[in-house]
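Fold and contact review
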Amino acid sequence: MTMLFEPLDSNYEERADLHRAARLATLHESLAKRLERIERAADEVERAAALLVDVTHGSAVDAFQDAVRSNSSAAFLHLDAGQTLGM
């Protein structure tokens, strides 16, 4: 006579579904946290780039204006609005 045993884990499918749902929720939270960190990093990069542009532009303009004021031979470097160096 052969005896058949019921599987030890009779609720496997239900537990598997619960496990997948829990894993998906965990992955979703992890992704949301990473996206927030990426957004913060991108904001910092944008602020740093804007600051670099401001500093670079301000320094270049100040240096150019100082050079024109201090050296009369540099006066020919003055450009009006819309003019270019022609390079």
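Heads up: the structure comes first, above all this text.
Source: prediction; values computed, not measured.

A few words now on the overall build of the protein chain. On a plain count of helices and strands, the protein chain comes out with one helix and zero strands. In the protein chain, which comprises 87 residues, the proportion classed as buried is 2%. Accessible area for the protein chain stands at about 8,400 Å²; split by element, carbon and sulfur atoms hold 61% of it.

Once that is clear, we can look at a nonpolar patch on the surface. A cluster of nonpolar side chains, contributed by Leu31, Leu35 and Ile38, occupies part of the molecular surface with about 290 Å² of accessible area. Mapped onto the elements, Leu35 comes out in helix H1 (residues 12-70).

Right, let's talk about the pattern of salt bridges for a bit. Overall, the coordinates contain one salt bridge when judged by the stated rule. Arg20 is the salt-bridge partner of Asp17, the closest N and O atoms lying 2.5 Å from each other. Of this pair, Asp17 and Arg20 both sit in helix H1, three residues apart, which is roughly one turn of the helix.

Once that is clear, we can look at a positive patch on the surface. On the surface, a cluster of positive charge is made up of Lys33, Arg34, Arg37 and Arg40. Position of Arg37 relative to the elements: it lies in helix H1.

Rules used in this analysis
Starting from 1, residues in each chain are numbered consecutively following that chain's sequence as written. A pLDDT threshold of at least 70 governs which residues receive local features in this predicted model, and a stricter bar of 80 or more applies before side-chain atom pairs are shown or counted, although totals over entire chains, interfaces and linings include all residues. With hydrogens and water set aside, each side-chain value is computed from the structure's full complement of heavy atoms. By the criteria applied, helices consist of DSSP H or I runs no shorter than four residues and strands consist of E runs no shorter than two, each listed in order from the N terminus. Note on classification: 1.4 Å probe, protein chains only; a residue is buried when its accessible area is under 20% of the maximum for its type, exposed when over 50%, partly exposed between these limits. Computed with a 1.4 Å probe, the accessible areas rest on the Shrake-Rupley method; for each residue, only the protein chains presented here act as cover. Each patch groups residues whose relative accessible area exceeds 30% and which form no salt bridge, using 9 Å between like charges and 5 Å between nonpolar side chains of Val, Leu, Ile, Met, Phe, Trp and Tyr. Criterion for a salt bridge: a side-chain nitrogen of Lys or Arg within 4 Å of a carboxyl oxygen of Asp or Glu. Asp and Glu count as negative and Lys and Arg as positive, but His and the ends of the chain are not part of the count. Each charge is placed at NZ for Lys, CZ for Arg, CG for Asp and CD for Glu.

Taken by themselves, the reported measurements are silent on function.
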